[in-house]
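Coordinate inspection notes
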Amino acid sequence: MNPVNAIELIDITKTFGGIPANNKVCLQVRWGEILALLGENGSGKTTLMNILAGIYFPDSGKVLVNGSEVTILSPKDAYDLGIGMIHQHFKLVDNMTAAENIILGLKGKGRLDMKAISAKVREIGEKYGFSINPDKKIYDMSVSEKQTVEIIKVLYRGARILILDEPTAVLTTQETDRLFQVLKNMRDDGKSIIIITHKLQEVLAVSDRVAVLRKGEYVGTVDTRDATAQSLTEMMVGRAVSLNIERPEPVNSVPRLVVKSITSYNDEGYKILDNVSFTAYGGEILGIAGISGCGQKELLEGIAGIYPVTPDSSIEYYPDDSGKPTELVGKRPMQIRKLGVALSFVPEDRLGMGLVGSMDITDNMMLRSYLKGKLGFTDRKPPRKLAENVIEQLNVVTPGVTTPVSKLSGGNVQKVLVGREIASAPKVLMTAYAVRGLDINTSYTIYSLLNEQKKAGVAVIYVGEDLDVLLELCDRILVLCGGKVSGIVDARTATKEQIGLMMTSLGGEAKK
Amino acid sequence: MSKPGNDKKVPFIRIAKRADISPGKAWMLRIAAIILSLMTGGILIIALGHNPFSVYRDMITGSLSTRTALIATAKIAVPLLGAAISIAPAFRMKFWNIGTEGQILAGAIAASYFALFQYKNLPRPALLLVMFMAAVIAGGLWALIPAIFKALWGTNETLFTLMMNYIVMNIVTYLRTGPWKNPSSSGFPKIAMFDDSARLPNLFGVHIGWVIILGMTVFMHIYMKYSQHGYEIAVVGESEKTARYVGMNVPVIIIRTIFMSGAIAGMVGFFIVSGSSYTLTDNTAGGYGFTAITVAWLAKLNPYAMIIISVFLAILKKGSNTIQTNFKIPASAAEVLTGIILFFMLGCEFFINYRLIFRNSKVVEVHHD
């Protein structure tokens with residue numbers, strides 16, 4: 001292979017509506033290396049990679065591939081130059097097979113020879129250590145299998161430079177390890193790989209060099225062996241940040257939410273929650289772990305009264321004065337509130353469920369309280385006040401209270417949502433993937449907000465995917481496996497491996 | 001310099017979203033669009049062998065200069081505005097109600113029943129009130145059918161409301177040729193003209209419906225912007241999941257809103273038969289229900305902007321009628337002319353939102369301070 005760089009970016013600038021996403025960014029990627037691209041939300045990583053992949057065209061600057069200046073106008077141009085990008089959201093046709101998806105959009109002879117295509121797909125898989133069944137339909141596939149299809153899709157097109165945008169966000173620990181082995185195999189084959197991720201442990205584990213962006217500008221590139229989580233964070237944020245998550249001891253734990261054998265069926269009649277029971281105590285953080293799609297979402301939505309649960313399920317809420325518990329099953333969110341149940345819920349889908357993207361911050365604050373106005377009118381004064389408070393207390397970066405929340409960055413969107421849910425003084429606070437896609441700084445803000453609630457005696461339920469964080473932040477962890485409780489462990493003594501096993505098999509017994 | 005890596009060139013024109021545009025500049029663009037549309041239309045007029053200046057002059061004078069012309073223009077603008085107002089809450093909820101035409105007719109049929117067969121039994125004010133109520137209820141019920149199906153079973157409202165139009169159109173034809181046929185009319189089957197007591201009184205030459213429609217415009221603005229219902233409509237329209245998350249009763253909101261939308265359309269039907277045509281014909285809705293969709297979109301669902309746009313479209317419509325008679329310009333050519341003007345008006349919104357970057361043009365530098 002040539003000694004020159006696979007990719008060299010010189011002074012790339014790209015603005016969106018006058019706001020620079022990339023400002024004179026320079027970057028070099030060598031052949032045969034894994035380069036991690038690191039940066040907080042809104043630092044311009046994805047924009048920069050989309051420029052390489054032909055999705056955006058830069059306002060100015062040069063792109064050099066293998067030493068020659070090129071113009072990339074479309075994803076096809078990128079493929080022709082050997083650049084392939086695996087996006088965060090998969091772009092696959094559900095009712096086609098893996099092989100059909102892989103050749104989709106490629107030119108070929110009039111008659112398709114699916115056998116030869118499948119053979120070639122298998123060959124690529126074997127070469128780098130993937131396991132793939134080319135004839136399997138996408139809708140039958142797990143998230144990790146779909147990702148494999150996406151990677152083979154770009155390899156099939158002859159990509160020698162692969163860009164992966166947050167590939168591990170949806171994977172379990174074991175799947176992540178497998179992916180990293182594949183990436184290393186490809187690197188050893190001389191390919192160059194750019195990986196965007198927020199998780200520092202992964203950066204340190206897999207990459208050769210790390211390039212850092214901050215607020216659209218290039219900060220620098222370091223060799224991974226010289227870097228630590230602490231040094232990378234400082235480069236990213238621009239100042240020293242503590243990476244320890246606080247975990248105060250629970251005090252005065254009283255049962256707040258007693259869940260007894262929740263069972264729920266999804267639209268297809270498939271049992272998505274099977275006899276789930278647990279108790280959440282005030283003053284503790286209860287973590288919920290599990291591979292994606294094994295009932296976490298339905299569990300929280302079931303408690304919140306959004307997702308139907310069977311009538312013989314029971315969810316009891318215990319008010320402060322140790323009086324009679326309130327039964328929540330069969331009630332809608334508004335009825336639950338009217339009964340005086342202080343239950344707040346930060347859902348996984350922030351803009352699609354927790355907030356209304358096109359509405360401004362004030363109107364989003366009003367979602368919970370719009371019926372409080374008189375004579376059928378809305379009263380925007382209290383929500384406006386609340387919006388101003390949340391912006392000030394949580395340092396929400398926004399031009400003002402009248403900015404639509406969809407225009408805010410991911411971290412600020414989450415601050416608005418969490419701020420609103422905390423403002424109603426909850427006794428039970430449920431959060432689903434509260435830090436997904438957020439940068440380190442904002443993630444730590446969210447952890448400390450949750451800890452504040454815990455110290456105030458709130459029962460916090462934290463559904464998370466990062467086991468390191470779950471083990472550091474939570475007091476107890478409930479592990480779900482296929483809609484059943486695989487076990488509840490003490491987060492102070494449990495190990496990552498133990499939880500990983502419990503996630504994949506009930507009770508954590510190793511499969512034969 | 002290194003050798004070229006691939007032979008691609010930067011595209012000649014690129015499109016980029018504008019950060020912001022000053023209102024002054026936006027209006028400059030709009031005025032430029034109007035001038036360009038008049039010039040393009042002028043070429044068409046010259047091709048037809050007429051003087052563009054006199055044709056444009058007659059369009060304006062024909063729709064605005066005399067009292068008769070003004071009344072005729074207003075009679076177009078009022079139902080158009082009413083239909084657009086009825087569409088506003090439905091579209092805000094992203095319920096694509098294109099059944100306004102049919103809901104107008106449903107209201108018109110219900111009002112006509114009382115006008116034709118009950119006028120002897122009721123004093124005039126009561127008769128008009130009953131006609132009004134019947135039209136409102138009939139329009140609302142006609143819209144309710146697709147709304148219930150959408151709310152409970154998630155059917156496609158666009159197709160459903162469209163199909164409902166054809167049903168009611170054929171009901172009118174049936175009534176005209178069958179049970180409601182005027183026995184004293186010979187030849188072409190017609191429905192009888194309304195008795196005087198079933199006709200709306202006029203105010204300044206136009207039936208008093210215009211006062212009510214203007215009142216509805218103000219009401220709709222307040223309803224959508226400041227009421228709890230309006231807020232619910234907006235939330236359901238943007239994200240049904242969010243609405244359910246906070247516990248809104250989504251089916252009830254859909255059904256309630258679409259009933260109101262149909263009820264206002266039904267009211268428009270009453271105004272047309274009782275204030276303007278004094279009878280029911282196949283043409284009673286006259287395409288108002290469809291043109292109102294254009295009005296609603298151009299106004300970005302803002303009721304006040306709908307006033308300006310429906311008046312503008314009414315001027316175009318009346319003006320094109322005038323030039324047809326004055327210059328013997330065929331109706332189709334007059335419609336092409338209206339189309340050209342609308343095309344430029346809509347097209348200029350694109351240039352207000354986006355700008356073009358030409359190859360080799362200087363790229364804007366970004367500064368941070």
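Residues numbered from 1 in each chain as written. Chains lettered and ligands numbered in written order. Predicted model: local features only at pLDDT ≥ 70, side-chain atom pairs only at ≥ 80, totals over all residues.

1. Brief notes about the overall build of chain B
Regarding its fold elements, chain B presents 13 helices and 4 strands. Projected onto its principal axes, the C-alpha coordinates of chain B cover approximately 95 × 65 × 35 Å. (Helix = DSSP H or I, 4+ residues; strand = E, 2+ residues; numbered from the N terminus.)

2. Re the environment of Asn202 of chain B
Topologically, Asn202 of chain B is positioned in strand E2 (residues 202-203). It is 7.9 Å that separates the C-alpha atoms of Asn202 of chain B and Gly275 of chain B, two residues lying 73 residues apart in sequence.

3. Focus: the nonpolar core
One finds Tyr462 of chain A together with Leu80, Ala84, Met131 and Ala135 of chain B to be the most contacted residues of the largest nonpolar core, which totals 185 residues. At 14 residues, the largest contribution of residues to this core is made by helix H10 (residues 250-277) of chain B. The next biggest cluster of nonpolar side chains, apart from the first, holds 65 residues, and it includes Val25, Ala159, Leu171 and Ala211 of chain A. (Core = buried A, V, L, I, M, F, W, Y, C linked by C-beta atoms within 7 Å. Buried ≥ 20, exposed ≤ 12 C-beta atoms within 10 Å, placed from the backbone.)

4. Description of the packing of helix H7 (residues 209-226) of chain B against helix H8 (residues 228-238) of chain B
All names here are of chain B. In contact at an axis separation of 5 Å, H7 and H8 are set at 65° when each is read in the N-to-C sense. Classified by the angle between their axes, H7 and H8 sit roughly perpendicular to one another. Taking contact as the criterion, the partners of Tyr223, Met224, Lys225 and Tyr226 in H7 are, on H8, His229, Gly230 and Ile233. Here the contact of H7 with H8 is built from residues that sort into 4 nonpolar, 2 polar and 1 charged. (Axes fitted to C-alpha atoms, helices over the stretch in contact; angles between N-to-C directions. Parallel < 35°, antiparallel > 145°, perpendicular 65-115°, else oblique. Contact = placed C-beta atoms within 7 Å. Nonpolar A, V, L, I, M, F, W, Y, C, P; charged D, E, K, R; others polar.)

5. As for the interface of chain A and chain B
The interface is formed by 41 residues belonging to chain A together with 29 residues belonging to chain B. Secondary-structure elements contributing two or more residues to the side of chain A that touches chain B are strand E1 (5-16), strand E2 (19-30), strand E4 (60-65), strand E5 (68-70), helix H2 (75-80), helix H10 (333-338) and helix H11 (350-354) of chain A. Residues of the side of chain A that touches chain B, tallied by class, amount to 18 nonpolar, 16 polar and 7 charged.

6. Quick word on the domain arrangement of chain A
Residue and element names in this part refer to chain A. Domain annotation of chain A identifies domain 1 (5-237) and domain 2 (282-294 + 325-508). Distance from the C-alpha centre of domain 1 to the C-alpha centre of domain 2: 31 Å. Tallying the contact residues gives 14 residues for domain 1 and 16 residues for domain 2. Per-element accounting of the side of domain 1 that touches domain 2 gives the leading share, 3 residues, to helix H8 (residues 229-237). Of the residues assigned to the side of domain 1 that touches domain 2, the class counts are 5 nonpolar, 8 polar and 1 charged. (Domains from an automatic or database assignment.)

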